Amino acid sequence: VTPRWGVGELQLLLPLMKEVTQQGRWILWVAPPFIPYAPALAEAGIDLNHIAVVQADSSCKDALWSIEKALQSEACAMVLAWMDWLPNGMVRRLQLAAEKGQTLGVLFRQREVKNSPAPIRLHIDSRVDGIHVRTLKARGAYRSHSAHLNVH
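The rules behind these values
- Residues numbered from 1 in each chain as written.
- Predicted model: local features only at pLDDT ≥ 70, side-chain atom pairs only at ≥ 80, totals over all residues.
- Heavy atoms only, no water.
- Helix = DSSP H or I, 4+ residues; strand = E, 2+ residues; numbered from the N terminus.
- Expected span 1.5 Å × (residues − 1).
- Buried < 20%, exposed > 50% of the residue type's maximum accessible area, 1.4 Å probe, protein only.
- Contact = heavy atoms within 4.5 Å.
- Pairing = 2+ DSSP bridges.
- Right-handed = clockwise from strand over helix to strand, strands pointing away.
- Phe/Tyr/Trp six-rings, centres within 6.5 Å; stacked < 30°, edge-to-face > 60°.
- Axes fitted to C-alpha atoms, helices over the stretch in contact; angles between N-to-C directions.
- Parallel < 35°, antiparallel > 145°, perpendicular 65-115°, else oblique.
- Nonpolar A, V, L, I, M, F, W, Y, C, P; charged D, E, K, R; others polar.
- Core = buried A, V, L, I, M, F, W, Y, C linked by side-chain atoms within 4.5 Å.

Attention shifts here to helix 3 (residues 60-72). Across its 13 residues, helix 3 extends 18 Å between first and last C-alpha, which sits within 8% of the 18 Å expected from 1.5 Å per residue. Among all positions in helix 3, only Ala 63, Leu 64, Ser 66, Ile 67, Glu 68, Ala 70 and Leu 71 are buried. In this fold, the buried residues of helix 3 make contact with strand 1 (26-30), strand 2 (51-54), strand 3 (76-82), helix 4 (88-101) and strand 4 (104-108).

Take Asn 88: it is sitting in helix 4. According to the relative accessible area criterion, Asn 88 is partly exposed, its value standing at 24%. Here the alpha-carbon distance between Asn 88 and Pro 36, two residues 52 residues apart in the chain, equals 27 Å. Residues contacting Asn 88, with those up to four places away along its chain left out, are Val 113, Lys 114, Asn 115, Ser 116 and Pro 117.

On any regular strand, side chains alternate: one points to one face of the sheet, the next to the other face. In terms of burial, strand 1 is largely enclosed, as 4 of its 5 residues are buried. The pairing of strand 1 with strand 3 spans 5 bridges and is parallel. Among the inter-strand pairings, Leu 28 is bridged to a residue of strand 3, identified as Val 79. Where the polypeptide runs from strand 1 across helix 2 (residues 38-43) and back to strand 2, its parallel neighbour, the crossover connection is right-handed.

Phi at Ala 31 takes a positive value of approximately 55°, unusual for a residue other than glycine. Here Ala 31 is to be found in the loop between strand 1 and helix 2. Taking relative accessible area as the criterion, Ala 31 reaches 15% and is therefore assigned buried. Located in the positive-phi region is Gln 102, a residue other than glycine, with phi close to 50°. Take Gln 102: it is sitting in the loop between helix 4 and strand 4. For Gln 102, a relative accessible area of 70% gives the class exposed.

The next thing to look at is the packing of aromatic side chains. Considering all chains together, one arrives at 2 aromatic pairs under this definition. On the basis of an interplanar angle of 25° and a centroid distance of 4.7 Å, the ring pair of Trp 82 and Phe 108 is categorised as stacked. Here the residue Trp 82 occupies a position in strand 3, and Phe 108 occupies one in strand 4, the gap between them amounting to 26 residues. We note that Trp 82, like Phe 108, is buried.

The N-to-C vectors of helix 3 and helix 4 enclose an angle of 30°; their axes lie 6 Å apart at closest approach. Classified by the angle between their axes, helix 3 and helix 4 sit roughly parallel to one another. Here helix 3 contributes Leu 64, Ile 67, Glu 68, Leu 71 and Gln 72 to the contact with helix 4, which in turn contributes Met 90, Arg 93, Leu 94, Ala 97, Ala 98, Lys 100 and Gly 101. Class assignment for the residues of the contact of helix 3 with helix 4 results in 7 nonpolar, 2 polar and 3 charged.

On to the nonpolar core, then. Val 30, Ile 67, Val 79 and Met 83 are the most contacted members of the largest nonpolar core, which totals 19 residues. Where this core is concerned, the elements lending two or more residues are strand 1, helix 3, strand 3 and helix 4. If we ignore the near neighbours within four places in the chain, the residues touching Met 83 are Val 30, Ala 63, Leu 64, Ile 67, Leu 107, Phe 108 and Arg 109. Ranked by size, the runner-up nonpolar core spans 15 residues in total, among them Leu 41, Met 78, Leu 80 and Phe 108.

That's the geometry; what it means functionally is another story.
What follows is the structure, given as structure tokens:
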């Protein structure tokens, strides 16, 4: 959950994105709010040949189908989706698809959703000196945690 797109939410995932693309596995971006900036991704060591993008102007049905099929695929390592409108039932369905394919699914939202079935929810916000991350929900012995990350 982030108050607006582009606060640095991808900074948290860059090391993992680098690792999975170097293993030859795919990352699917669905409805990113901005065109992925290839030079910055390449500078972070991410293999651009293993990134696919479903544009924001795709139909909801097509976007959801793409997410679900990618999550079920063992060739895809990560699915990043920017969607505020998904109902909890659909989030649960995507969670089951991710478990089946052993694929990481990350859903970026701008608003907090009550009773979300997501196994972990983080609030991410930018500050002058970096990114602030606060745990909203986590499976297991949950206690509220927050961290401040300096991003350069």
